[in-house]
Amino acid sequence: MSRFFRAGESDSDESESDFSEELTASESEDHSDSDSDDSSDDDKPAKKQGRLFDVGSDDSDSDEDTVRVVRSAKDKRFEEIELAVNAMANGQKINDWVSAQNEFDRANKALQKAAGIISQSGVPKFYVKAVAELEKAIQSALEKEKSASKKMNASNAKALNSMKQKVKKNNRLYEKEIQEYEKDPENYDVEEEEVVEVKPKVKKPKKVVLSESKEGEEEGEEVDDGFTPVGASGKTIEYTQDNLFKKLREVIDARGKKNTNREEQVRILERLLVIANTPYQKIRVLLNLISAQFDFAIGLSGYMSIPFWKNAEKFLNSLLTILEANPSYVVKENVPGEDEGDKDRVPENGETVFIQGSIVAFIDRLDDEFAKSLQNIDPHTTDYVDRLKDEVGLYAVIVRSSAYFETLEQTDAICRTTMRRLEHLYFKPDVVIIAVENATVALLPASIAKPASDSANLIHDLCVYLYKNASSLQRTRAMLCHIYHHALHNRFFVARDMLLMSHLQETIHQADVTTQILHNRTMVQLGLCAFREGMIREAQTCLQDISGTGRVKELLAQGLQAQRYGAVSPEQEKLERQRQLPFHMHINLELLECVYLTCSMLLEIPAMAFAGSNPDVRKKIISKPFRRMLDYNSRQVFSGPPENTRDHIMGAAKNLANGEWQKSIELINAIKIWELMPASDKIKEMLGRKIQEEGLRTYLFANASYYSSVGLEALAKMFELPLATVISIVSKMVWNEELSASIDQVTNVVVLHHVQSTKLQSLALAFADKAAGFVESNEKLLESKNPQQGDRPKKGPNANKDQASGKQQQQRTMGPRGNNRGGRNQFNNGLGNSVRGGRK
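Residues numbered from 1 in each chain as written. Predicted model: local features only at pLDDT ≥ 70, side-chain atom pairs only at ≥ 80, totals over all residues. Heavy atoms only, no water.

1. Some points on the overall build of the protein
Okay, step 1: Broken down by element type, the protein carries 40 helices and 5 strands.
Okay, step 2: A total of about 47,500 Å² of accessible surface is found on the protein, and carbon and sulfur atoms cover 51% of it. (Helix = DSSP H or I, 4+ residues; strand = E, 2+ residues; numbered from the N terminus. Areas by Shrake-Rupley, 256 points an atom, 1.4 Å probe, with all protein chains shown as cover.)

What follows is the structure in C-alpha cells.
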C-alpha cells in the first residue's frame, strides 16, 4: 500500500486540520531532505512534484540510501504541548503574562486534541511539572505586585488575574499528578526523559516504520469503536462514572457564558443523572439541573415556560426524596471550607456531608415563577384554570421542604417556607383550604403531611410559629394574613382587636410596597366583614382610606390607573405591573364600591339632615366621593331609571332624604351585586332594617322644628319598627345631644324643645370650631418638623427630591392622609368608638 492511502487511513480518528498539519510537516521534511541531497539536476523536478509522487516511485536510488523516521501521533501531540509549555515558561521569566496566558491556552487545546492518547499513556509529566510551577509563579508574582512601588500595566495585570483563576480550575483535574510531583520534584520526570532520549536512536527502514505507525493508529481506532455522542468539535463524548464530575464541572463553568446552548447543558445533566449511582453524585447533579431549568430565557411571555417549570418541580421532588432517604447528606448555604472536588464523598463514622446549595431559594424561585405565569395568562381562558391546578403540587413541595427543614432545625428556612405556605392559604375560604390540605396529604407520605380538619387552627399554628421565630417583616405579614383570614370568616371582633393591639396602622408606612398592599387588602376585607355583620360606621371607617382615594385598583394591586402626561416613568410602571396580584386573589371592586357607597349613604343622609336643621353647627363631610356623586346627580335636569350600581344608590339616597324609605329599600335590593356575597338574603334584610332606622333619624332631624311633641307609637307605625327600637334610637339621639328633646315614658311621647342660641352662644361655638382647627393645623406642622425615628429628613442637594418622591410613593400606595381627620387617627377613633359602644 502506498503512503498516500496509508495516510488517509491513519487520519480516520483525527480532524481535517490535523491531517493538513501532518501533510505540511511531512512536505517540509521531504523538501529539506531534497535540498541536502546530492543528486543530479534532472532529478530535481521529480522532487518538486511533492511528497505523494515521490513516495510512489520505486526506481529512486536516493530513497533506498536515506533512512527516514515517521513520528507517531503521540510524539507529534506531545511535541506540540512541549513547545507551548516552553514558550509559557519563557513568558514567566520575563514577566510577560499576556504571552504566558496565550501559551497556556494553546497547551490546553493541544492536550484536548491528544485526549485519546492521554487516556492510554497518561498525562505528560513535563506538563504536570509546568502547571505546578506556574501556580507557584503566579502566587509569587501577585505578592510582589502588592508590595511593588511601580505597578505592571493594565493588560499584564488583567492577564495575571485571569491566569490565577484558570490555573486554579485546571489544576483541580490533576491533583494526584501534582501531589506526586511535589513529593520529589527533581526525579519526577527522569524516567520520561530517558524514554524520550532512547526513541530517536531507534532508526529503522521506511517500510518497518510504516507498519509500526499503522499498528499504533489501529490501536487508537479500537478505543474509539462503538456508538458514542459527538460534540460540536467532532470529538466523541463519553459519560462514565470516572468523568462524571469532570463533565459536571464543564457544565458549571459554561453556565452564564455567552453563546452557551442551555438546552444542550440540560441534556448533558440529564445523562449524568442517569449515570450517577451514589447519593452524593445524584444530589450534585440535581442541584445543577434545577438551576439549569431556571436559566432558560423568559422571552416575550414574561414568565418561565410551563414545561421547564414542571421539570424543575419534578427534579426538586427527586432531590427531596434523596435527602429524606439519606439524612447523612445535607444541602446547606455557605458551607465553611468546602471545596467540591471531583471526588465522590461518602459519610464515615456517622459524620454529616454538607453540600453547597439552597433548597429554600429553589422554593422561592418556583413560587415566584408560578405567580408570574398567573399574572400574564388571561384569567378568562381555560389556560388560567389549567395553570391554577398546578398550585396543589407546588403547595405539596412547600410543605415537604418545610418538614425537611424541621428535621435539620433550620429556623430561617422554616420561616420562609411557612410564610410561602401561609400566603397560599390566607385568602381562601375554609372549604377550599380543607380541599387543598387533603389533596396535599394524598401526594405526600403520611409522616410529612397530616389531614387538617379546621382551617382556623391551621392558620393559627402557622402564624404563631412566625410570631415566635421570624423576622420583623415576616411577623408583620403573618399578622396581616391572620387578620385577613379572621375577617374573611366573619370574625370581626377578633380581627379588629388583633389589628388594634398590633399597632400596625402606625408603622405600616415604613414597610415595603408589597406589605403595604397586603395591609390595604386586609383593611378592605375587615371593612367588608364589618358590613356583613351590620356595623355600618366601622365598615365605612375601614374602607374610607382605600375607596375614598379613587385609586382602588392601584392600592390593591389589581390593575393600573390611567396616568396622564407621563406622571409615571416606564420603570415605575414596570415595577407596578410586577406587583400585580393574580386574578383568583382579587377582591371584587364593584362589590367594594357598592358597599362603600351604601355605608356612606346611611351615614351622610342623616348628617346632612342634621346640618340643615342646625345652621350653627359646622358641616362635617363624612365621604367626599359620595357627596360629589350626589351633587352631580342632583344637578341633572332629567334622571332616568337606574342603570348601574351608582344610579341605584344615588336614587336610594334621594328617597331616603325625602322620607320615602320604602322606595329606598326597593332600589337597594334591586342591586344584583349583592348576590355575590354569602347569605345575600340576610344582607338585604340587614340593609332594609338599617334604612328604616336611618330614615327615622333623618325624619326627626328634618322635621323636629315643626313639632312640639311626637308619639313614639306613631313613629314606630310610620317606619314599621318595634317600639323598643324607636325608643332606643330616640334615646341615643337625645343622649348624644343631636336632638333637643325629652321622652315622656308615661304617654310614650317625645317632647321637642325649641331652643334658639343667643348671639354670644353662636359666636362662642364658632370660636370653638376655629380654635379646634388651629390646634389641628399646629399638630400637623409639629409632626412635619419633628418626624418619628426612622423618618429623619435627608440632607444634601437631593433631599427635597427624595422626600417628594417618597411622599408620592406613599400616597400612591397608602392613599391620602390627614384630610378631615382621616388616616390613622380616624381609623383608631372609629374602631375605638365601636369598642366603647358607639359613643363619640
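2. Quick notes on the pattern of salt bridges
Pairs can form between side chains of opposite charge whenever their charged atoms are close.
Okay, step 1: Tallied over the entire structure, the rule returns 27 salt bridges.
Okay, step 2: The residue D253 makes a salt bridge to K169 at a minimum N-O spacing of 3.6 Å. With D253 in helix α14 (residues 244-254) and K169 in helix α10 (residues 154-172), the pair connects residues that are 84 residues apart, well separated along the chain.
Okay, step 3: Among the residues examined, K169 registers a relative accessible area of 42% and is labelled partly exposed.
Okay, step 4: With a shortest N-O distance of 3.8 Å, K389 and D386 are connected by a salt bridge.
Okay, step 5: Note on K389: relative accessible area 57%, which makes it exposed.
Okay, step 6: In the salt-bridge network here, residues are joined through shared partners; they are D364, D367, D368, R416 and R420. (Salt bridge = Lys/Arg side-chain N within 4 Å of Asp/Glu carboxyl O. Buried < 20%, exposed > 50% of the residue type's maximum accessible area, 1.4 Å probe, protein only.)

3. Quick word on the sheet that holds strand β5 (residues 749-752)
Okay, step 1: The sheet built from 3 strands is open, its strands ordered β3-β5-β4 with antiparallel pairing. At either margin of the open sheet sits one strand with a lone partner, and together these are β3 (709-711) and β4 (741-744). Averaged over all neighbouring strand pairs, the angle between strand axes comes to 20°, with direction disregarded.
Okay, step 2: Taken together, the 4 bridges between β4 and β5 define a ladder with antiparallel strand orientation. Opposite S742, over in β5, you have V751 as the bridge partner. (Pairing = 2+ DSSP bridges. Axes fitted to C-alpha atoms, helices over the stretch in contact; angles between N-to-C directions.)

4. Quick look at the nonpolar core
Okay, step 1: L422, F531, M601, F626, I649, I668 and W674 are the most contacted members of the largest nonpolar core, which has 109 residues in total.
Okay, step 2: If you tally residues by element for this core, the top one is helix α31 (residues 589-613), at 13 residues.
Okay, step 3: Ignoring any residue separated from it by four or fewer positions in sequence, one finds L422 in contact with I459, L462, C463, L466, A478 and C481.
Okay, step 4: Core analysis: the second largest hydrophobic core is formed by 51 residues, I268, F315, L319 and L394 among them. (Core = buried A, V, L, I, M, F, W, Y, C linked by side-chain atoms within 4.5 Å. Contact = heavy atoms within 4.5 Å.)

5. A word on the packing of aromatic side chains
Okay, step 1: In this structure the tally under the stated criterion is 15 aromatic pairs.
Okay, step 2: Relative to F370, the ring of W309 lies with its centre 5.8 Å away and its plane at 35°, an arrangement referred to as tilted. A residue pair is termed long-range when its members are at least 10 positions apart, and W309 in helix α17 (residues 306-325) and F370 in helix α18 (residues 359-376) qualify at 61 residues.
Okay, step 3: Residue classification places W309 among the buried positions, given a relative accessible area of 0%.
Okay, step 4: Relative to Y707, the ring of Y699 has its centre 6.4 Å away and its plane inclined at 50°; by these criteria the two rings are tilted.
Okay, step 5: Using a relative accessible area of 31% as the deciding quantity, one classes Y707 as partly exposed.
Okay, step 6: Aromatic ring contacts, followed pair by pair, group W661, Y699, Y707 and F719 into a single cluster.
Okay, step 7: The ring of F354 carries the charged tip of K332 above its face, separated from the ring centre by 5.0 Å.
Okay, step 8: The cationic tip of R387 hangs over the ring face of W309; the distance from NZ or CZ to the ring centre is 4.2 Å. (Phe/Tyr/Trp six-rings, centres within 6.5 Å; stacked < 30°, edge-to-face > 60°. Lys NZ or Arg CZ within 6 Å of the ring centre and 35° of its normal.)

6. Here we look at unusual backbone geometry
Excluding glycine, residues mostly have negative phi values, and the peptide bonds linking residues are mostly trans.
Okay, step 1: The phi angle at A557 is positive, at roughly 55°, despite the residue not being glycine.
Okay, step 2: Inspection of the secondary structure puts A557 in the loop between α29 (552-555) and α30 (570-578).
Okay, step 3: The backbone of A679 sits at a positive phi, close to 55°, despite the residue not being glycine.
Okay, step 4: Judged by its relative accessible area of 46%, A679 falls in the partly exposed class.

7. Let's talk about the packing of α14 against helix α16 (residues 279-294)
Okay, step 1: The contact between α14 and α16 brings their axes to 11 Å, and the two run at 15°. Regarding the angle of α14 to α16, the classification is roughly parallel. Between α14 and α16 lies a crossing of left-handed hand. Counting all contacts with α14, which are made through L244, F245, L248 and I252, the residues of α16 involved are Y280, Q281, R284, V285 and N288.
Okay, step 2: For the contact of α14 with α16, a count of residues per class yields 6 nonpolar, 2 polar and 1 charged. (Parallel < 35°, antiparallel > 145°, perpendicular 65-115°, else oblique. Left-handed = near helix turned anticlockwise from the far one by under 90°. Nonpolar A, V, L, I, M, F, W, Y, C, P; charged D, E, K, R; others polar.)

8. Some words on the packing of helix α6 (residues 73-93) against helix α7 (residues 97-113)
Okay, step 1: At a minimum axis separation of 8 Å, α6 and α7 run at an interaxial angle of 165°. Looking at the two axes, α6 sits roughly antiparallel to α7. In terms of crossing hand, the pair formed by α6 and α7 is left-handed. Here R77, E80, I81, L83, A84, V85, A87, M88, G91 and Q92 of α6 come into contact with α7, specifically with W97, S99, A100, E103, F104, R106, A107, A110, L111 and K113.
Okay, step 2: Of the residues that constitute the contact of α6 with α7, the class distribution is 12 nonpolar, 3 polar and 5 charged.

9. Focus: the pairing of β5
Okay, step 1: In β5, alternate side chains face the same way, and those of V750 and L752 are buried while those of V749 and V751 on the opposite face are not.
Okay, step 2: Two strands pair when backbone bridges link them, and β3 and β5 are joined in this way by 3 bridges, in the antiparallel orientation. Looking at the pairing, S709 lines up with V751 of β5.
Okay, step 3: In textbook terms, the turn of a hairpin is the stretch between consecutive antiparallel strands, and for β4 and β5 this stretch comprises 4 residues, one of which, N748, has a positive phi near 55°.

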